[in-house]
Amino acid sequence: GAGVSQTPSNKVTEKGKYVELRCDPISGHTALYWYRQSLGQGPEFLIYFQGTGAADDSGLPNDRFFAVRPEGSVSTLKIQRTERGDSAVYLCASSRQPNTEAFFGQGTRLTVV
Amino acid sequence: GESVGLHLPTLSVQEGDNSIINCAYSNSASDYFIWYKQESGKGPQFIIDIRSNMDKRQGQRVTVLLNKTVKHLSLQIAATQPGDSAVYFCAENTGGGADGLTFGKGTHLIIQP
């Protein structure tokens, strides 16, 4: 597709379960970002990939959160032992290069019950 | 202005009037700024960007002004239309290529018929 694609669009999981959220960036974009957005707030930075490597993971809230981008394209955000406070919209963005126009996907709405 | 919790600042304008949305950014080292528009249930949509070596940039119906002295950014929308109704976020990047964007809290723009 032409834009950033995120799947699933909605995910409901039970507290304590493991979830994976997927992001397909725009083809050719080397930079990929994950953000988390709570209701009424702006997106909060989680992690940034340049190619396959995580160049900055300073936004990950704790070690239950992990993300990979093994081939430098698709990325997966993984959350272990989910908690109710993890409920939010998880947004992915990509850009052709760092510090340039970043395009966002529609997000995955995660609800932990 | 600043928002508290779920209460975003709201700007209400008449259709056809000009809108000005303001943002105070946090980091004097930031060198790249972006305005995003976010409609309900969607990811942020890029509107316009500006680098720190500029103080004004114009797009189609939109103008961004940057005042580095007081760390202030504004978005002007000319002849606002019903489709401009959304939450608008300013975002800054401190540069170096490794960091994600830091978003402001957002302003809800409402267009009155």
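Look up a bit, the structure's there.
Note that the coordinates shown come from a computational prediction; the quantities given were computed from them, not determined experimentally.

### Quick word on the sheet that holds strand E7 (residues 65–68) of chain A
All names here are of chain A.
Phase 1 of the analysis: Taken in spatial order, the four strands of this open sheet run E1-E3-E8-E7, and their pairing is antiparallel. Looking at which strands have only one partner, the edges of the open sheet turn out to be strand E1 (5–7) and E7. Neighbour-to-neighbour, the strand axes of this sheet turn through a mean angle of 15 degrees, independent of strand direction.
Phase 2 of the analysis: Here E7 pairs with strand E8 (residues 75–79) via four bridges, running antiparallel.

### A look at the packing of aromatic side chains
Phase 1 of the analysis: Summed over all chains, the structure comprises 11 aromatic pairs over all chains.
Phase 2 of the analysis: Each ring, one from Tyr35 of chain A and one from Phe45 of chain A, has its centre 6.0 Å from the other, and the planes form 70 degrees; the classification is edge-to-face. Of this pair, Tyr35 of chain A sits in strand E4 (residues 31–37) while Phe45 of chain A is found in strand E5 (residues 44–50), placing the two residues 10 residues apart along the sequence.
Phase 3 of the analysis: Both rings, one in Tyr35 of chain A and one in Phe104 of chain A, keep their centres 5.4 Å apart while their planes meet at 45 degrees; by these two values the pair is tilted. Taken as a pair, Tyr35 of chain A in strand E4 and Phe104 of chain A in strand E10 (residues 103–104) lie far apart in primary sequence, 69 residues in all. Residues Tyr35 of chain A and Phe104 of chain A agree in their burial class; the two are buried.
Phase 4 of the analysis: Connected via pairs of aromatic rings, a cluster forms that spans Tyr33, Tyr35, Phe45, Tyr48 and Phe104 of chain A together with Tyr36, Phe46, Phe89 and Phe103 of chain B.
Phase 5 of the analysis: Here Arg51 of chain B stacks its cationic end above the ring of Tyr32 of chain B, 4.1 Å away from the centre of that ring.

### Remarks on the interface of chain A and chain B
Phase 1 of the analysis: Between chain A and chain B, the residue contacts involve 21 residues of the former and 24 residues of the latter.
Phase 2 of the analysis: Together, the buried faces of chain A and chain B total about 1,800 Å²; carbon and sulfur atoms form 50% of this surface.
Phase 3 of the analysis: Joining chain A to chain B, the criterion identifies zero salt bridges.
Phase 4 of the analysis: At the junction of chain A and chain B, the tally comes to five residue pairs in polar contact (both at pLDDT 80 or more).
Phase 5 of the analysis: For the side of chain A that touches chain B, the secondary structure elements donating two or more residues are E4, E5 and strand E6 (53–56) of chain A.
Phase 6 of the analysis: Among the residues forming the side of chain A that touches chain B, the class breakdown is 11 nonpolar, eight polar and two charged.

### Description of the state of the cysteines
Phase 1 of the analysis: All told, the structure shown has two disulfides over all chains when counted by the stated rule.
Phase 2 of the analysis: Linked covalently through their sulfurs, Cys23 of chain A and Cys92 of chain A form a disulfide whose S-S length is 1.9 Å. Its S-S torsion of about -70 degrees marks the bond between Cys23 of chain A and Cys92 of chain A as left-handed, since a negative value means left-handed. Separated by 69 residues along the polypeptide, Cys23 of chain A in strand E3 (residues 19–24) and Cys92 of chain A in strand E9 (residues 88–95) bring together distant segments of the chain. Both residues of the pair, Cys23 of chain A and Cys92 of chain A, count as buried.
Phase 3 of the analysis: Across a sulfur-sulfur distance of 1.6 Å, Cys23 of chain B and Cys90 of chain B are joined as a disulfide pair.

Rules used in this analysis
Residues numbered from 1 in each chain as written. Chains lettered and ligands numbered in written order. Predicted model: local features only at pLDDT ≥ 70, side-chain atom pairs only at ≥ 80, totals over all residues. Heavy atoms only, no water. Pairing = 2+ DSSP bridges. Helix = DSSP H or I, 4+ residues; strand = E, 2+ residues; numbered from the N terminus. Axes fitted to C-alpha atoms, helices over the stretch in contact; angles between N-to-C directions. Phe/Tyr/Trp six-rings, centres within 6.5 Å; stacked < 30°, edge-to-face > 60°. Buried < 20%, exposed > 50% of the residue type's maximum accessible area, 1.4 Å probe, protein only. Lys NZ or Arg CZ within 6 Å of the ring centre and 35° of its normal. Contact = heavy atoms within 4.5 Å. Buried area = accessible area lost by both parts, 1.4 Å probe. Salt bridge = Lys/Arg side-chain N within 4 Å of Asp/Glu carboxyl O. Polar contact = N/O pair within 3.5 Å; in protein donor to acceptor, adjacent residues only side chain to side chain. Nonpolar A, V, L, I, M, F, W, Y, C, P; charged D, E, K, R; others polar. Disulfide = S-S within 2.5 Å.

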